[in-house]
Amino acid sequence: MRFFFWYYRYIPLRIEFRMKTLVKGACPHDCPDTCAMQITVENDRVIKVNGAPDHEPTKGALCTKVAKYTERLYHAERVLHPLKRVGQKGEGKFEQISWGEALDTIAGKLTEIAKRSPESILPYNYAGTMGLVQADSMSARLFHRLGASLLGKTICASAGSTALKHTYGAGVGMQMQFFNESKLIVLWGTNSITSNLHLWSRIQDAKRLGAKVVAIDPYRSLTAEKCDAHIALLPGTDGAFALGVMNLLIQNNWLDHDYITQFSVGFDELKERAKRYSPEVVADICGIEAAELEWFAKLYGETAVIEKAPVAIRLNYGMQRSHGGGQAVRAVACLPTLVGAWRNRAGGLLLSSSGFFPVNMASLQRPDLLPDPAHPPRTINMSTIGDALCHLGDEAFGPKVEAVVVYNSNPVAVAPDSVKVAKGFAREDLFTVVLEHFLTDTCDYADIVLPATMQMEHLDIHKSYGHTWYVVNEKAVSAPGECLSNTEIFRQLAKKMGLADACFTEDDETLLAQAIDVDHPALLGISREQLRETGWFQLNLPDAPFAEGRFYTTDGKCHFYSVALEKEGLDPLPDFVAPIESKKSNPSLAEKYPLAMISPPARNFMNTTFANIQTLMPKPAVPTIEIHPDDAILRGIKDGQQVKALNDRGELLLTAIVTPKVRKGVVVIPSIWWKKKAPDGKNANELTSQALTDLGQAPTFYDCLVEVLPA
Ligand SMILES: Nc1nc2c(c(=O)[nH]1)N[C@H]1C(S)=C(S)[C@@H](COP(=O)(O)OP(=O)(O)OC[C@H]3O[C@@H](n4cnc5c(=O)[nH]c(N)nc54)[C@H](O)[C@@H]3O)O[C@H]1N2
Ligand SMILES: Nc1nc2c(c(=O)[nH]1)N[C@H]1C(S)=C(S)[C@@H](COP(=O)(O)OP(=O)(O)OC[C@H]3O[C@@H](n4cnc5c(=O)[nH]c(N)nc54)[C@H](O)[C@@H]3O)O[C@H]1N2
Ligand SMILES: [Mo]
């Protein structure tokens, strides 16, 4: 809905020329906050982007990146026309072509491959926009209809989401608006100020009301710095820490026996398992003092059980990017159940809220269009795209990939083991199409680049993984140049390919209506019209959804012991699963490459999005690596010096920042840079591996040993 007001309200004669419109938007980016935006439009141009003041999670504030959205929207380097490659793959040389030529070329190529070997076509997409309409609706229908390979969408959260599924039944937890009432908040593997700003403001409210805040993170992040305590364990050792806490909770009887008996499964088995993790064992694995663990367990246990005060854990994805990330999330997820923290709305754990949303994915994506839905095509894991594109095909793998269509993602920069990814995309016999806003590292390998609309130029609706409101995004302005929305591009492509199914003509309004199931109890009392009028809708949920069990598992209980995992031949109990690359688990590798590298988000980037906006560049605008003073001295590295980080997969140039903010033995590369913006055309993923996690087949970005040397 649009609201009109006068620019010069006392000069009504000029209203026709000076009318401003306020349009309701949703921030499209891959962030838990999913802000409601207020877009100010004048003469079909966005002149300002604000946070909606009356949307509870947003509270009128946006992060620095999105507050500057007009710089991204009206950027001089935006892709405005279809392009075809004229240089070598990777060179990034293009010339403008017409939509007709672009669609004819793509339709011809995909039709020919689909006839012969449909699984040789691969869509590659992620969360460049999280909108239910623009992310993967019309596109999924088209690829399903062709029988293309399916994509395993694992690159971000699947270790954690699989872990939660096997513990709580779904990606559900406590609600962000109650964190301000918590008395103890644990920020576990998350840098809230960077990646979850609107939760941070609640945490500050809680602090003012006397809450203690503890960070568990190998790095003294901006957030950790502002906490009351910081436990700097080694990367990938959280599972051991959580089991150590459990062991002490049990030994000291800091437990809510009633809650455990009524609402959990497998306490006795868990108790046995936890016994293996004495403070000494944990201290050794995590590289901390036993006293740190003892202090933390006492604080958590006593606050919850003796004081009966609400204790909250904000778990985020940092800790699940190591090989044992899945079981580590399971271990942490058991803690609030042991102390009965769920009884209070300000207690429990939040990793993701996305499981609360009743989204109608089947309507949007139409898997029934598959040639044989009972025998779906193979799934290619996006986290091992390097190996997949380099594979020439065999019995086990199936046919080699011959065409890849990329949208809402930048795999050449974000996928692990980048040398292989680039090598795969450089294959001369691979046909690559990229739908984009900018000429990213991935576009450089494309045969055809298609100009896509940005959020203010199309319609959408969003769920959130950090709060429980649907947020609608109305189209605010016309698209520039020849840009088309993702949905429109796939509609036109389907038409060119002669796909006659009626679903390929459905417009965005229809898709939006299909996305949400207004008859679901969580949406009780809302109509689609009202949703559009207000711009957002808070799901109907109890304040404390698990106060009396009612987890999303089949029996409504929290599964310490998971029969489902056991049936898959996996460990039914949470455990510490060591990193693949660490001093303890792989001493010979550590001899060559002794430093554990993590590459978490830089504050002003959103993955690689915004990493081409001049005013958001860090100062100095060069990729950096943070290293502990002791590790630096050992290597003769001085602050500000050029260094190279390397391992068997590759090497890259960085500027060293010598700082005690990283613990000894760890280095931090704030990410994710556009490779081509770096002096050597590389980023942190030159060093990361394609190894996967224990659960969920997710990448292990932070399970990566390197050496750092003066350049
Ligand atoms: N500004 C900004 N915001 C973002 C993003 C962005 O790129 N920029 N990315 C978005 C996306 S896609 C996601 S998935 C989320 C990610 O959200 P988070 O998972 O909260 O990511 P970070 O804020 O980097 O916090 C991760 C923290 O985990 C720490 N860490 C690394 N390894 C370990 C470990 O083994 N154990 C523990 N305990 N801590 C560890 C890192 O040092 C870092 O401080 O953020 C989203 N929000
Ligand atoms: N080393 C290292 N690597 C990482 C991570 C890390 O912490 N360290 N984090 C990982 C994580 S958590 C994630 S989620 C992934 C993220 O990886 P990606 O999902 O690839 O995220 P982005 O790099 O932001 O790329 C999204 C692209 O989509 C485009 N886009 C946005 N909206 C639209 C649209 O409406 N239409 C079209 N056609 N395009 C659009 C943007 O311009 C942008 O180029 O990266 C992973 N890679
Ligand atoms: Mo992510």
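Rules of the game
Residues numbered from 1 in each chain as written. Chains lettered and ligands numbered in written order. Predicted model: local features only at pLDDT ≥ 70, side-chain atom pairs only at ≥ 80, totals over all residues. Heavy atoms only, no water. UniProt positions renumbered as here; feature names shortened; annotations may be inferred. Helix = DSSP H or I, 4+ residues; strand = E, 2+ residues; numbered from the N terminus. Buried < 20%, exposed > 50% of the residue type's maximum accessible area, 1.4 Å probe, protein only. Contact = heavy atoms within 4.5 Å. Lys, Arg positive; Asp, Glu negative; His and termini not counted. Charge placed at Lys NZ, Arg CZ, Asp CG, Glu CD. Axes fitted to C-alpha atoms, helices over the stretch in contact; angles between N-to-C directions. Parallel < 35°, antiparallel > 145°, perpendicular 65-115°, else oblique. Left-handed = near helix turned anticlockwise from the far one by under 90°. Nonpolar A, V, L, I, M, F, W, Y, C, P; charged D, E, K, R; others polar. Core = buried A, V, L, I, M, F, W, Y, C linked by side-chain atoms within 4.5 Å. Domains from an automatic or database assignment. Buried area = accessible area lost by both parts, 1.4 Å probe. Salt bridge = Lys/Arg side-chain N within 4 Å of Asp/Glu carboxyl O. Polar contact = N/O pair within 3.5 Å; in protein donor to acceptor, adjacent residues only side chain to side chain. Near = heavy atom within 4 Å. Areas by Shrake-Rupley, 256 points an atom, 1.4 Å probe, with all protein chains shown as cover. Phe/Tyr/Trp six-rings, centres within 6.5 Å; stacked < 30°, edge-to-face > 60°. Pairing = 2+ DSSP bridges.

By the naming in an unreviewed UniProt entry, the protein chain is Molybdopterin oxidoreductase family protein, taken from Leeia speluncae. Reading the Sequence similarities (unreviewed entry) entry of the UniProt record for the protein chain gives the comment "Belongs to the prokaryotic molybdopterin-containing oxidoreductase family."

1. Some thoughts on the overall build of the protein chain
Broken down by element type, the protein chain carries 25 helices and 30 strands. Taken over the C-alpha atoms alone, the protein chain extends approximately 70 × 60 × 55 Å along its principal axes. Scored against the burial criterion, the 711 residues of the protein chain give a buried share of 62%. Residue pairs in contact within the protein chain that sit at least 24 positions apart in sequence constitute 75% of those at least 6 positions apart. Positive and negative charge centroids in the protein chain, built from 74 and 81 side chains respectively, lie 4 Å apart.

2. Points about the packing of helix H6 (residues 158-165) against helix H15 (residues 325-338)
One can describe the packing of H6 onto H15 by two numbers: an axis separation of 8 Å at closest approach and a directional angle of 45°. The angle between H6 and H15 falls in the class oblique. H15 is crossed by H6, and the crossing has right-handed handedness. Judged by residue contacts, Ala 159, Gly 160, Ala 163 and Leu 164 of H6 engage Gly 325, Gly 326, Val 329, Arg 330 and Ala 333 from H15. Residues that form the contact of H6 with H15 fall into these classes: five nonpolar, three polar and one charged.

3. Brief notes about the nonpolar core
Judged by nonpolar contacts, the single largest core of 182 residues is most densely connected at Leu 142, Trp 188, Phe 241, Tyr 300, Leu 338, Ile 461 and Tyr 470. Here the element with the most residues in this core is helix H10 (residues 238-251); it accounts for nine residues. What Tyr 300 contacts, discounting residues up to four positions off in sequence, is Leu 184, Val 186, Leu 249, Val 311, Ile 313, Leu 335, Pro 336 and Val 339. In this structure, Cys 31, Leu 62, Leu 73 and Met 617 belong to the second largest nonpolar core, which totals 29 residues.

4. Quick look at the domain arrangement of the protein chain
If you check the domain split of the protein chain, you get domain 1 (15-73), domain 2 (83-157 + 357-538), domain 3 (174-351 + 545-567) and domain 4 (587-710). Between the C-alpha centres of domain 1 and domain 2 there is a distance of 25 Å. In this assembly, domain 1 packs against domain 2 so that about 2300 Å² is buried in total across both faces, 64% of it on carbon and sulfur atoms. Of all residues in domain 1, Lys 24, Asp 30 and Arg 72 give up the largest surface area on contact with domain 2, accounting jointly for 26% of the area buried on that side. Our count for the contact surface shared by domain 1 and domain 2 stands at zero salt bridges. Between domain 1 and domain 2 we count 13 residue pairs in polar contact (both at pLDDT 80 or more) in total. Taken together, the elements giving at least two residues each to the side of domain 1 that touches domain 2 come down to strand S2 (20-26), strand S3 (36-42), strand S4 (45-51) and helix H3 (69-73).

5. Side note on the site of ligand 2
Taken together, 30 residues form the shell around ligand 2, and within it Ser 409, Asn 410, Glu 436, Thr 608 and Thr 609 come nearest. At 2.5 Å from an oxygen atom of ligand 2 is found a side-chain nitrogen or oxygen belonging to Thr 608. Along the lines of polarity and charge, the residues of the shell around ligand 2 split into eleven nonpolar, 15 polar and four charged.

6. A closer look at the site of ligand 1
Taken together, 32 residues form the shell around ligand 1, and within it Ser 195, Asp 217, Gly 236, Asp 238 and Phe 605 come nearest. The contact in question runs from an oxygen atom of ligand 1 to an N or O atom on the side chain of Thr 190, over 2.7 Å. Asn 191 places a polar main-chain atom, nitrogen or oxygen, 3.0 Å from an oxygen atom of ligand 1. Protein burial of ligand 1: of its 900 Å² of free accessible surface, 98% is covered by the chains.

7. Topic: the packing of helix H13 (residues 279-286) against helix H14 (residues 290-306)
At a closest axis distance of 8 Å, the pairing of H13 and H14 adopts a crossing angle of 115°. Here H13 and H14 pass one another in a crossing that is right-handed. Counting all contacts with H13, which are made through Pro 279, Val 282 and Ala 283, the residues of H14 involved are Ala 290, Leu 293 and Glu 294. Its residues assigned to classes, the contact of H13 with H14 shows five nonpolar, no polar and one charged.

8. A word on the pattern of salt bridges
Where charged atoms from two side chains of opposite charge approach closely, those side chains can pair. On inspection of all chains with the given rule, the structure shows 38 salt bridges. Bridged by salt links that share partners, the residues Arg 273, Arg 276, Asp 571 and Asp 575 form one connected network.

9. Observations regarding the packing of aromatic side chains
All chains considered together, the criterion is met by 20 aromatic pairs. When the ring of Trp 188 is compared with that of Phe 241, the centres are 5.8 Å apart and the planes differ by 80°; the resulting orientation is edge-to-face. Of this pair, Trp 188 sits in strand S9 (residues 184-188) while Phe 241 sits in helix H10, and the two are 53 residues apart along the sequence. A relative accessible area of 0% means that Trp 188 is categorised as buried. The buried category is assigned to Phe 241, whose relative accessible area is 0%. Arranged with centres 4.9 Å apart and planes meeting at 65°, the rings of Tyr 259 and Phe 263 form a pair that is edge-to-face.

10. Section: the pairing of strand S30 (residues 705-710)
The side chains of a regular strand alternate, first on one face of the sheet and then on the other. For strand S25 (residues 595-598) and S30, the ladder comprises two bridges, and the chain directions are antiparallel. Bridge pairing in S30 places Leu 595 opposite Val 706. As paired elements, strand S27 (residues 642-647) and S30 share four bridges and run antiparallel to each other. Residue pairing for S30: Ala 645 is matched across the bridge by Val 708.

11. A look at the sheet that holds S30
Judged by pairing direction, the barrel is mixed, and its six strands sit side by side in the order S25-S29-S26-S28-S27-S30 before closing back on the first. Averaged over neighbouring strand pairs, the angle between their axes works out to 45° when direction is ignored. Here four bridges tie strand S26 (residues 624-627) to strand S28 (residues 650-658), and the two strands are oriented parallel to one another. Its bridge partner lying in S28, Ile 625 is registered against Ala 656.

12. Details of the environment of Ile 598
Topologically, Ile 598 is positioned in strand S25. Assessed through its relative accessible area of 6%, Ile 598 is described here as buried. Residues Ile 598 and Ile 288, 310 residues apart in the sequence, show an inter-C-alpha distance of 18 Å. Not counting the four nearest positions on each side in its chain, Ile 598 is found in contact with Pro 218, Tyr 219, Pro 235, Val 666, Val 667, Val 668, Ile 669 and Tyr 702.

13. Quick word on the environment of Asn 408
Structurally, the position occupied by Asn 408 is in the loop between strand S18 (403-407) and helix H18 (411-414). For Asn 408, a relative accessible area of 13% gives the class buried. The spacing of Asn 408 and Glu 436 is 28 residues in sequence and 7.2 Å in space, taken between C-alpha atoms. If near-sequence neighbours (up to four positions away) are discounted, Asn 408 is found in contact with Tyr 126, Ala 127, Gly 128, Thr 129, Gln 134, Ala 135, Leu 435 and Asn 486. A distance of 2.9 Å separates a polar atom in the side chain of Asn 408 from a polar atom in the side chain of Asn 486.

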